[in-house]
Amino acid sequence: MTSFYGRFRHFLDIIDPRTLFVTESRLKEAVQLLEDYKHGTLPPGVTNKELWGAQKIKQAIIHPDTNETIFMPFRMSGYIPFGTPIVVGLLLPNQTIASTVFWQWLNQSHNACVNYANRNATKPSPTSKFIQGYLGAVISAVSIAVGLNVLVQRANKFTPATRLLIQRFVPFPAVASANICNVVLMRHTELEEGIDVLDNNGNIVGSSRIAAKHALLETALTRVVLPMPILVLPPIIMSILEKTSLLRSRPRMVLPVQSLVCLAAFGLALPLAISLFPQMSEIETSRLEPEIAMATPSKTVIYNKGL
């Protein structure tokens, strides 16, 4: 987990959509197996492969702070299957203001729920804060997207073909900026109250606002990187493919082909983006509040960045 490649391999397991089909009984078996391993009471014959399989299931489904099951559409393993249809909708050509508002609202609603479900949950967060964050994220996304679309439509210098191409790129700045607002607004209670930091033995040292700032900054950066391949590559690829004789003679194939291109881009972008930083991040105690540094002899502490 200290290297990008190591985190990339780890998160490929976390986002594996096959974990969405794990039954409740299989999940309980996996959790019990890991508990047995922890307490040195493993039944004979259990292999390392089985232990790693159990770990994969637990990490994909169970929240590390609350130990509760994350609702299926809001797990990282559900992000691609449930998010791809929304991405396809965002990239549809010839968007009206109504369709732009609808797809941006749906996208930020999904993002808000994913951010909340995968937040650092060491401190309780009231429902009112969730609603405030959700409304702020949706309003920012819709405002930016609609504003950019109106500007492009009023730009008389561009030919209709150029205008259409530019409109296809409008979702990226709208989504990227709204994603930052979404993360900060959905998790701003962490900035107010701080998040728990742990020593190397997993003991809580204290609550740190500085660690919370680092956690939100790292998560926000991943949310800017995430839509880059998803919302930039498909418009470029589709503008090339739509000129081919295959799609010109079969216009009904455009939407299925665009869906496959979006799915491939999403599948590439998600593990790359969330692998930028480890989920359990490490920070030097000298960079935190004085009371944290005084509370532990450890030179570094760890905190759950969230996903």
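All values reported here derive from a predicted model rather than from experimental measurement. The written sequence of each chain sets the order in which its residues are numbered from 1. Reporting in this predicted model follows two pLDDT cut-offs: at least 70 for local features of residues, and 80 or more for side-chain atom pairs to be given and counted; totals over whole chains, interfaces and linings ignore these cut-offs and use all residues. To obtain the side-chain values, all non-hydrogen atoms of the structure were included, while hydrogens and water were left out.

(A) Main features of the overall build of the protein chain. Starting at the N terminus, helices and strands are each numbered in turn, a helix being any DSSP run of H or I of at least four residues and a strand any DSSP run of E of at least two. Broken down by element type, the protein chain carries 14 helices and 4 strands. Contact between two residues is taken to exist if any of their heavy atoms lie within 4.5 Å; hydrogens are not considered. Pairs at least 24 residues apart make up 72% of the contacts formed inside the protein chain by residues separated by at least 6 positions. For this count, His and the chain ends are skipped, Lys and Arg are scored as positive, and Asp and Glu as negative. We put the charge of a Lys on NZ, of an Arg on CZ, of an Asp on CG and of a Glu on CD. Positive and negative side-chain charges in the protein chain, numbering 28 and 20 respectively, have mean positions lying 14 Å apart.

(B) Seen up close, the nonpolar core. Nine residue types can take part in a nonpolar core, namely buried Ala, Val, Leu, Ile, Met, Phe, Trp, Tyr and Cys, and a core is a set of them joined through side-chain atoms within 4.5 Å. The rule is simple: take the accessible area with a 1.4 Å probe, protein chains only, and divide by the maximum for that residue type; under 20% is buried, over 50% is exposed, in between is partly exposed. In terms of nonpolar packing, the biggest core is built from 28 residues, with Leu 226, Leu 231, Phe 266 and Leu 270 touching the most fellow members. Within the residue set of this core, elements represented by two or more residues are helix 1 (4-14), helix 4 (76-90), helix 5 (97-117), helix 8 (171-186), helix 11 (227-241) and helix 13 (254-274). Looking at which element gives the most residues to this core, the answer is helix 4, with 7 residues. Excluding residues that lie within four positions of it along the chain, Leu 270 makes contacts with Ile 15, Met 76, Tyr 79, Ile 80 and Leu 226. Within the second largest apolar cluster, 11 residues are counted, among which are Ile 195, Ala 212, Val 301 and Tyr 303.

(C) Highlighting the side chain of Thr 296. Within the secondary structure, Thr 296 is located in the loop between helix 14 (290-294) and strand 4 (300-304). A polar contact is formed between the side chain of Thr 296 and the backbone nitrogen of Ser 298, at a distance of 3.1 Å. Not counting residues within four places of it along the chain, the set of residues in contact with Thr 296 comprises Asp 199, Val 205, Thr 285 and Val 301. Polar contact criterion, stated in full: a pair of N or O atoms within 3.5 Å, where within protein one must be able to donate a hydrogen and the other to accept it, and residues adjacent in sequence count only if both atoms are side-chain atoms.

(D) Expanded view of helix 5. One fewer than the residue count of a helix, multiplied by 1.5 Å, yields its expected span. End to end, helix 5 covers 30 Å across 21 residues, agreeing with the expected 30 Å (1.5 Å per residue, within 8%). Inspection of helix 5 places Thr 100, Trp 103, Gln 104, Asn 107, Gln 108, Ser 109, His 110, Asn 111, Ala 112, Val 114, Asn 115 and Ala 117 among the buried residues, and these make up the whole buried set.

(E) Looking closely at the pairing of strand 1 (residues 195-198). As paired elements, strand 1 and strand 2 (residues 204-208) share 4 bridges and run antiparallel to each other. Across the sheet, residue Val 197 finds its bridge partner in strand 2, namely Gly 206. Following DSSP output, two strands are said to pair if at least two bridges run between them. Connecting strand 1 to the antiparallel partner strand 2 that follows it, the hairpin turn spans 5 residues, and Gly 202 within it adopts a positive phi of roughly 85°.

(F) Geometry of the pattern of salt bridges. Just to be clear on terms, a salt bridge is a Lys or Arg side-chain nitrogen sitting within 4 Å of an Asp or Glu carboxyl oxygen. This structure, assessed with the given rule, holds 4 salt bridges. A single network of salt bridges, built from pairs that share partners, joins Asp 13, Asp 16, Arg 18 and Lys 56.

(G) Main features of the layout of surface pockets. Put plainly, a pocket is an open set of points on a 1 Å grid over the protein atoms alone with protein on both sides within 12 Å along at least five of seven lines, a cavity is a set where a 1.4 Å probe fits but cannot get out, and a lining residue has an atom within 4 Å of a point. Grid points are joined across faces, edges and corners, and a volume is the space filled by probe spheres set on the points. Reported here for the largest pocket is a volume of approximately 1,000 Å³. Taken together, 33 residues form the lining of the largest pocket, with His 10, Gln 55, Gln 59, Pro 64 and Met 280 sitting closest to its centre. Looking at the lining of the largest pocket, the elements that each hand over two or more residues are helix 1, helix 2 (24-38), helix 3 (48-61), helix 4 and strand 3 (280-284). The leading source of residues in the lining of the largest pocket is helix 3, at 7 residues.

(H) Spatial organisation of the environment of Leu 90. Structurally, the position occupied by Leu 90 is in helix 4. On the basis of relative accessibility, which here comes to 7%, the residue Leu 90 falls in the buried class. On a C-alpha basis, the gap between Leu 90 and Val 175 in space is 9.6 Å, while along the polypeptide they are 85 residues apart. When neighbours within four sequence positions are excluded, Leu 90 is seen to be in contact with Gln 95, Trp 103, Gln 104, Asn 107, Pro 171, Val 175 and Leu 231.

(I) Structural detail: the UniProt feature "transmembrane region" (unreviewed entry) in the protein chain. UniProt positions are given in the numbering used here, feature names are shortened, and annotations may be inferred rather than shown by experiment. The UniProt feature table records "transmembrane region" (unreviewed entry) at residues 82-106, 131-152, 164-185, 224-241 and 253-277. With 94% helix and 0% strand, residues 224-241 has its two end C-alpha atoms placed 27 Å apart. For residues 253-277, helix accounts for 84% and strand for 0%, while the C-alpha atoms at its two ends are 38 Å apart.

(J) The arrangement of the packing of helix 11 against helix 13 in detail. Fitted lines through C-alpha atoms give the axes, limited to the stretch in contact for helices. The angle between two N-to-C directions lies from 0 to 180 degrees. In contact at an axis separation of 9 Å, helix 11 and helix 13 are set at 145° when each is read in the N-to-C sense. Remark: the crossing between helix 11 and helix 13 carries right-handed chirality. Residues Pro 229, Ile 230, Pro 234, Ile 237, Met 238 and Leu 241 of helix 11 form the contact with helix 13, whose own contacting residues are Val 254, Val 257, Gln 258, Val 261, Cys 262, Ala 265, Phe 266 and Ala 269. Polarity classes work like this: nonpolar for Ala, Val, Leu, Ile, Met, Phe, Trp, Tyr, Cys and Pro, charged for Asp, Glu, Lys and Arg, and polar for all others, with Gly in that last group. Broken down by class, the residue content of the contact of helix 11 with helix 13 amounts to 13 nonpolar, 1 polar and no charged. Note on convention: near helix rotated counterclockwise from far helix by under a right angle means a left-handed crossing. Clockwise means right-handed.

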